[in-house]
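Geometric and topological summary
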Amino acid sequence: MWPPRKSREIHQPRIVESVLPMSSTATTIPLARTAPDGPGNWQQQLSDAITDPGELLDRLGLTPRSLGQSLDIPPSVLESFPLRVPRAFVARMQPGNPHDPLLLQVLPLGQEGDDTPGFVSDPLREADANSVPGLLHKYHGRALLLVAPHCAVHCRYCFRRHFPYEENTPGRREWDAALKYLADHEDITEVIYSGGDPLAAPDRLLAWLTARIAAIPHIRRLRIHTRTPVMMPDRVTDALLEWLADSGLATTLVVHCNHPAEIDREVAAAMARLRGAGVTLLNQSVLLRGINDDEETLAALSEKLFSAGILPYYIHMLDRVQGVAHFDVPETRARSLMQAVRNRLPGYLVPRLARELPGEGAKTILG
């Protein structure tokens, strides 16, 4: 049984604030807040995301029985990692289809409460690289900033579903410490925005932070890992394009798209606007059982990405975080799938199959 439905007020996203030092007096800027109503207002869409599993199934004409899955979800699962999905993404799901690949990426299932050997809370040992709040330094030459502690969507396979965001949500002092770390490490030439999802943060914060980073002489590149423009294409605002174009950094945006059905006309138009601002577009996917672990889907995804001006980059083996074992694809099958894709497509459309292993100096390429 689903947990009893609660009121919409209980399900509203927690407002997480970051201190933005625009002057000598600290100014508090909410990372996500309700804005005036309007179909093109991404912050309103963020606030209005579906958070009730029952509502999601109702909108798709489904019932727990029609899914054929165990939906007896331990309360601790939904308390620590609740359902969250924007309505613009739900609109791309197929009503009446319990196997819809977009639905299966976001719908909580009972298996998430399983205790599977080898699946742990911090599979990449990111705590070892987290000496400064809001910053991870795992690889030579690049460092990652956790720009926002929340996302537009809660993907059920998320490897950071147990990450201690409460300890990594920078205020003014913490951002100063992270920026000093970047300035002190002259080997760092690229900064990566991550989270959560960095584009769940407001443009004012992102523009300020980017300007501070661009002022560090040895930093030349900015990379943004985000799923938000796929979830809500309206997030590609004029303000976003302005600070991207004016940053002075060579900027790459890595979208996270796992299935060709995620890309519709609005998503493609948002990607065209990003390219117009001089942003290089790449994609990385996660190989997910029952969602994209077949040759036809992977080939179609690469074709559709390229049609939208996005170059396939990586397809990742699942990070073995606790609660996601039901998405796992065996490595032997993954290698076979990628060989089949290589036989069908030109090389520039074939993403590299990779696994991230803790302690390694780079991702491990499997094929």
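Going along each chain's sequence as written, the residues are numbered from 1 onward. Under the rules for a predicted model, residues below a pLDDT of 70 receive no local features and side-chain atom pairs below 80 are neither given nor counted, while totals for whole chains, interfaces and linings still include all residues. Think of the side-chain values as coming from all heavy atoms in the structure, minus any hydrogens and water.

Quick look at the overall build of the chain
From N to C terminus, the chain includes 14 helices and eleven strands. Exposure categories follow from relative accessible area, calculated using a 1.4 Å probe and restricted to protein chains: below 20% of the type maximum is buried, above 50% is exposed, and the middle band is partly exposed. Counting over 367 residues, the chain shows a buried share of 56%. Taking the intrachain contacts of the chain between residues at least 6 apart in sequence as the baseline, contacts between residues at least 24 apart amount to 81%. The Shrake-Rupley method, run with a 1.4 Å probe, gives the accessible areas here. Residue values count only the displayed protein chains as cover. Accessible surface for the chain amounts to roughly 15800 Å². Of this, 51% is attributable to carbon and sulfur atoms. The secondary structure listing takes helices from DSSP runs of H or I that are at least 4 residues long and strands from runs of E that are at least 2 residues long, numbered from the N terminus. Working rule for contacts: check all heavy atoms of both residues, and any pair within 4.5 Å makes them a contact.

Observations concerning the sheet that holds strand S9 (residues 311-316)
Spatially, S3-S4-S5-S6-S7-S8-S9-S10-S11 is the arrangement adopted by the nine strands of the open sheet, whose pairing is mixed. Two strands bound the open sheet, and with one partner strand each, they are strand S3 (135-139) and strand S11 (364-365). Across two bridges, the pairing between strand S10 (residues 352-355) and S11 is antiparallel. Across the sheet, residue Ala-354 finds its bridge partner in S11, namely Ile-365. Should DSSP find at least two bridges between two strands, the strands are taken to pair.

Some words on a nonpolar patch on the surface
To count toward a patch, a residue needs a relative accessible area above 30% and no salt bridge. Like charges then connect within 9 Å, nonpolar side chains (Val, Leu, Ile, Met, Phe, Trp, Tyr) within 5 Å. By convention in these notes, a salt bridge is any Lys or Arg side-chain nitrogen within 4 Å of a carboxyl oxygen on Asp or Glu. Where nonpolar side chains cluster on the molecular surface, the patch consists of Phe-306, Leu-311 and Tyr-348 and spans about 290 Å² of accessible area. Secondary-structure assignment places Phe-306 in helix H13 (residues 295-307). The exposure class assigned to Phe-306 is partly exposed, which follows from its relative accessible area of 41%.

Some points on helix H14 (residues 331-344)
In this analysis, the expected span of each helix is defined as 1.5 Å times one less than the number of residues it contains. The end-to-end C-alpha distance of H14 is 20 Å, a good match for the 20 Å that 14 residues give at a rise of 1.5 Å each. Inspection of H14 places Ala-334, Leu-337, Met-338, Ala-340 and Val-341 among the buried residues, and these make up the whole buried set. Around the axis of H14, the buried residues are gathered within 155° of arc, so they sit on the same side. Those residues of H14 that are exposed and angled more than 90 degrees off the buried face are Thr-332 and Asn-343. At its buried positions, H14 is contacted by H13, S9 and S10. Note that the arc is computed from the directions linking the helix axis to the C-beta atoms.

A word on the nonpolar core
What is meant by a nonpolar core is a set of buried Ala, Val, Leu, Ile, Met, Phe, Trp, Tyr and Cys residues, joined one to another through side-chain atoms within 4.5 Å. The biggest cluster of nonpolar side chains holds 80 residues, and the ones touching the most others in it are Leu-56, Val-85, Met-93, Leu-145, Leu-182, Tyr-193 and Ile-213. Contact partners of Val-85, with chain neighbours within four places excluded, come to Ala-49, Ile-50, Leu-56, Val-90, Met-93, Val-106, Ala-152 and Val-153. Residues Met-317, Val-329, Ala-334 and Leu-353 belong to the second largest nonpolar core, which totals 15 residues.

Remarks on the packing of aromatic side chains
Ring pairs shown here join Phe, Tyr and Trp side chains whose ring centres sit within 6.5 Å, with only the six-membered ring taken for Trp; geometry is labelled stacked below 30 degrees between planes, edge-to-face above 60, and tilted in between. According to the stated counting rule, one finds three aromatic pairs in the structure shown. Ring geometry for Phe-306 against Tyr-348: centres 5.5 Å apart, planes inclined by 50°, an arrangement best described as tilted. In this pair, Phe-306 sits in helix H13 while Tyr-348 sits in the loop between H14 and S10, placing the two residues 42 residues apart along the sequence. Their ring planes at 40° and their centres at 4.3 Å tell us that Tyr-313 and Tyr-314 sit as a pair that is tilted.

Comments concerning the pairing of S3
Taking burial as the measure, the five residues of S3 include four buried ones, the bulk of the element. Examined bridge by bridge, S3 and strand S4 (residues 142-148) share three bridges and lie antiparallel to one another. Its bridge partner lying in S4, Tyr-139 is registered against Arg-142. Between S3 and S4, which pair antiparallel in sequence order, lie two residues; one of them, Gly-141, sits at a positive phi of approximately 85°.

A few points about unusual backbone geometry
With an omega of 25°, the peptide bond between Gly-195 and Gly-196 qualifies as cis. Summarising the element assignment, Gly-196 is placed in the loop between strand S5 (190-195) and helix H9 (203-214).

So, the pairing of strand S7 (residues 250-256)
Most of S7 is tucked away, with five of its seven residues classed as buried. The sheet contact formed by strand S6 (residues 221-226) and S7 spans six bridges and is parallel. Across the sheet, the residue bridging to His-225 is Val-254, located in S7. Two strands pair when backbone bridges link them, and S7 and strand S8 (residues 280-286) are joined in this way by five bridges, in the parallel orientation. Looking at S8, one finds that Leu-253 is bridged to Leu-281.

Here we look at the confidence of the model for the chain
Predicted coordinates in areas of low pLDDT are best not read in detail. pLDDT is a per-residue confidence score from the predictor, ranging from 0 to 100. Here the chain averages 85 in pLDDT, while 86% of its residues score no lower than 70. Long-range and interchain partners of residues 1-39, a stretch whose pLDDT sits below 50, account for 86 contacts in this model, where long-range means more than four residues apart.

What to know about the state of the cysteines
Count a disulfide wherever a pair of cysteine sulfur atoms falls within 2.5 Å. In the structure shown here, the tally under the stated rule is zero disulfides. Here Cys-158 is not disulfide-linked; the sulfur of Cys-151 is the nearest cysteine sulfur, at 6.1 Å.

A short note on the packing of H9 against helix H11 (residues 238-246)
Where H9 contacts H11, the axes come no closer than 10 Å and their chain directions differ by 0°. Relative to H11, the element H9 lies roughly parallel. Where H9 abuts H11, its residues Asp-203, Leu-206, Ala-207 and Thr-210 lie against Ala-239, Leu-240 and Trp-243. An axis is simply a line fitted to the C-alpha atoms; with a helix, the fit covers only the stretch in contact. Between two such axes, the angle follows the N-to-C directions and lies from 0 to 180 degrees. When describing relative orientation, an angle under 35 degrees is termed roughly parallel and one over 145 degrees roughly antiparallel, while 65 to 115 degrees is termed roughly perpendicular and anything else oblique.

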